[in-house]
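Take a look at the letters that make up each chain.
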Amino acid sequence: MANVDGVLFIDANQYVDLYRTHTGKNQLPALKEQQEHIFVTKGVVDEVQRNKVKEAAEFLEREFKKLQAPNLAVPVHLFSTTDDRIQRIRDALKKDHAQIDIVNEQLMELAHDLLDQITRSEDEVSKTLDELFAKAILPTGDELQRARMRKELGNAPGKKTGPLGDQLTWEQLLSRCQGKSKLWIITGDGDYATEYKGKMFLNAMLYQDLARLYQRPPEVFCFNNILDGIKHFAEITKVKADKLPTPEETEQIKKELDSLPPRGWVDTSMDDAYIVSLLTRRRQQMLSPALRAALYSQGDEGWHPGMKPDPEPDKTAG
């Protein structure tokens, strides 16, 4: 590994997002190019493995709900480029909507094949990540003990009632930062950082953890997407970064990421009546647009940008 005065860490949620976007494939070359600089823990790998099939299945389900839309996009980045079924599906969609039942059957077969591949880590995304994940670091006994104490105290990152995951990864990251003057954290997890008007700010407690490692305040850079984080890392450390997408491709990737519903928030068993009652109870909690979108992604017509909840019924009527 090249001697770089800095640590580049990517949270598990960023890797999982590669399985639930059309543009995930476009990020793989940049990840592969920087794999010798990316710090990976066994906990991050385990979280990706636990969630990738489920998230890919939910992504495919959202896409299937758009079948009646004329601009259906087949998620080609997850499939083999030699699979001619993709082109046949596209051709059928163009010919006649009467073919929709046939297309549904073909897509279901294709989806089942894909999920089998992801389960076996034989899809394109998994094969790229497996090269990176092969160097995942196991925790030491001291790191494990500190992580348990962190969880017991309820300190970020991670939840006190959840598994010993983020706490352990953070303790490993602290160990890795010894002797380094800079840290890049790429994450969408609010336990690590908070976004405000386009800029990410590290959790204050985590900053204090890092500050104890240095003779001067540490330099910490937080990003909520892989491409911006890698680009900044390369600019500061002067490492080679020739595989980043074009600015136009990057904008498309970020736009899709911004439109994604929260991971794992919505139970796919929810029916419409339950969702309506849930929305009513939570209306006073000022649901964000992203959260409203996630709730409505289970409706018959699927979710689309800008969808809003139905207005509250007039309680004085009838």
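Residues numbered from 1 in each chain as written. Predicted model: local features only at pLDDT ≥ 70, side-chain atom pairs only at ≥ 80, totals over all residues. Heavy atoms only, no water.

With that out of the way, let us pick up the overall build of the protein. Across its full length, the protein holds 13 helices and 6 strands. In the protein, buried positions account for 44% of the 318 residues. Looking at the protein as shown, the accessible area adds up to about 17600 Å², and 51% of this sits on carbon and sulfur atoms. (Helix = DSSP H or I, 4+ residues; strand = E, 2+ residues; numbered from the N terminus. Buried < 20%, exposed > 50% of the residue type's maximum accessible area, 1.4 Å probe, protein only. Areas by Shrake-Rupley, 256 points an atom, 1.4 Å probe, with all protein chains shown as cover.)

Moving on, we get to the confidence of the model for the protein. Taken as a whole, the protein shows an average pLDDT of 80; of its residues, 73% reach a score of 70 or greater. Confidence over residues 265–313 falls short of pLDDT 50; this stretch has 50 contacts with residues more than four positions distant or in other chains. (pLDDT = per-residue confidence, 0-100. Contact = heavy atoms within 4.5 Å.)

Here the focus is the packing of aromatic side chains. For any pair of aromatic rings, the description rests on two quantities: the centre-to-centre distance and the angle between the ring planes. Evaluated as defined, the whole model comprises 5 aromatic pairs. Here a set of aromatic residues connected by ring pairs shows up, and it is made of Phe9, Trp170 and Tyr192. (Phe/Tyr/Trp six-rings, centres within 6.5 Å; stacked < 30°, edge-to-face > 60°.)

Grouped together as the largest cluster of nonpolar side chains are 64 residues, with contacts concentrated most on Tyr15 and Leu31. The residues touching Tyr15, leaving out its near neighbours within four places in the chain, are Ile10, Leu31, Ile38, Val40, Val44, Val48, Leu129, Leu132 and Phe133. (Core = buried A, V, L, I, M, F, W, Y, C linked by side-chain atoms within 4.5 Å.)

Here the focus is the pattern of salt bridges. Opposite charge on two side chains allows them to pair when their charged atoms are near. Going through the model one piece at a time under the given rule, you end up with 15 salt bridges. In this structure, Arg120 and Glu122 form a salt bridge, with 3.0 Å as the shortest nitrogen-oxygen distance. Residue Glu122 is classed as partly exposed on the basis of its relative accessible area, which comes to 40%. The salt bridge involving Lys240 is made with Asp242; its shortest N-O contact spans 3.8 Å. In terms of burial, Lys240 and Asp242 fall into one category: exposed. Salt bridges sharing partners connect three or more residues here, namely Arg146, Arg150, Glu171, Asp209 and Arg212. (Salt bridge = Lys/Arg side-chain N within 4 Å of Asp/Glu carboxyl O.)

So, about the sheet that holds strand β1 (residues 7–10). The strand order across the open sheet formed by 4 strands is β2-β1-β3-β6, and the pairing between neighbours is parallel. Unpaired on one side and paired on the other, β2 (38–39) and β6 (219–223) mark the two borders of the sheet. Pairing of β1 with strand β3 (residues 182–186) involves 4 bridges; the strand directions are parallel. If you follow Val7 over to β3, its bridge partner there is Leu183. (Pairing = 2+ DSSP bridges.)

Here the focus is the side chain of Glu143. For Glu143, the location among the structural elements is in helix α7 (residues 141–153). No salt bridge is formed by the buried Glu143, whose closest oppositely charged neighbour, Arg146, lies at an N-O distance of 4.6 Å. (Lys, Arg positive; Asp, Glu negative; His and termini not counted.)

Here we take up helix α6 (residues 124–133). Restricting attention to buried positions, one finds in α6 the residues Val125, Ser126, Thr128, Leu129, Leu132 and Phe133. Viewed along the axis of α6, the buried residues span an arc of 165°, placing them on a single side of the element. Residue Asp123 occupies the N-cap position of α6, its side-chain oxygen lying 3.2 Å from the main-chain nitrogen of Val125. (Arc of directions from axis to C-beta. Polar contact = N/O pair within 3.5 Å; in protein donor to acceptor, adjacent residues only side chain to side chain.)

Before going further, it helps to examine unusual backbone geometry. Generally, phi is negative for residues other than glycine and the peptide bonds are trans, each holding for most cases. For the bond from Ala156 to Pro157, the omega torsion is 0°, close enough to zero to count as cis. With respect to the element layout, Pro157 can be found in the loop between α7 and α8 (166–176). For Lys197, which is not glycine, the phi torsion reads 50° and is therefore positive. Notably, Lys238 is not glycine yet its phi reads approximately 70°, a positive angle. With respect to the helices and strands, the residue Lys238 is situated in the loop between α10 (226–237) and α11 (247–259).

In this sheet, strand β5 (residues 199–202) lies alongside strand β4 (residues 193–196) in antiparallel orientation, the contact comprising 4 bridges. Paired with Glu195 across the two strands is Met200, which belongs to β5. Between β4 and β5, which pair antiparallel one after the other, the connecting turn spans 2 residues, and Lys197 there sits at a positive phi close to 50°.

Where burial is concerned, most of β3 is hidden: 5 out of the 5 residues are buried. Here β3 shows no split at all, with Lys182, Trp184 and Ile186 on one side and Leu183 and Ile185 on the other all buried.

So, about the packing of α7 against α8. Where α7 meets α8, the axes come as close as 8 Å, and the angle between the chain directions of the two elements is 130°. With respect to α8, the element α7 is oriented oblique. Like other packed secondary-structure pairs, α7 and α8 cross with a definite hand, here right-handed. On α8, the residues touching Glu143, Leu144, Arg146, Ala147, Arg150 and Lys151 of α7 are Gln167, Leu168, Trp170, Glu171, Gln172, Leu174 and Ser175. (Axes fitted to C-alpha atoms, helices over the stretch in contact; angles between N-to-C directions. Parallel < 35°, antiparallel > 145°, perpendicular 65-115°, else oblique. Left-handed = near helix turned anticlockwise from the far one by under 90°.)

Time to look at the side chain of Ser126. Positionally, Ser126 belongs in helix α6. Residue Ser126 is classed as buried on the basis of its relative accessible area, which comes to 1%. In terms of polar contacts, Ser126 uses its side chain to reach the side chain of Tyr19, at 2.6 Å. One polar contact links Ser126 to Asp123, side chain to side chain, over a distance of 2.6 Å. Apart from the residues lying within four places of it in its own chain, the contact partners of Ser126 are Tyr19, Lys52, Ile118 and Ser121.

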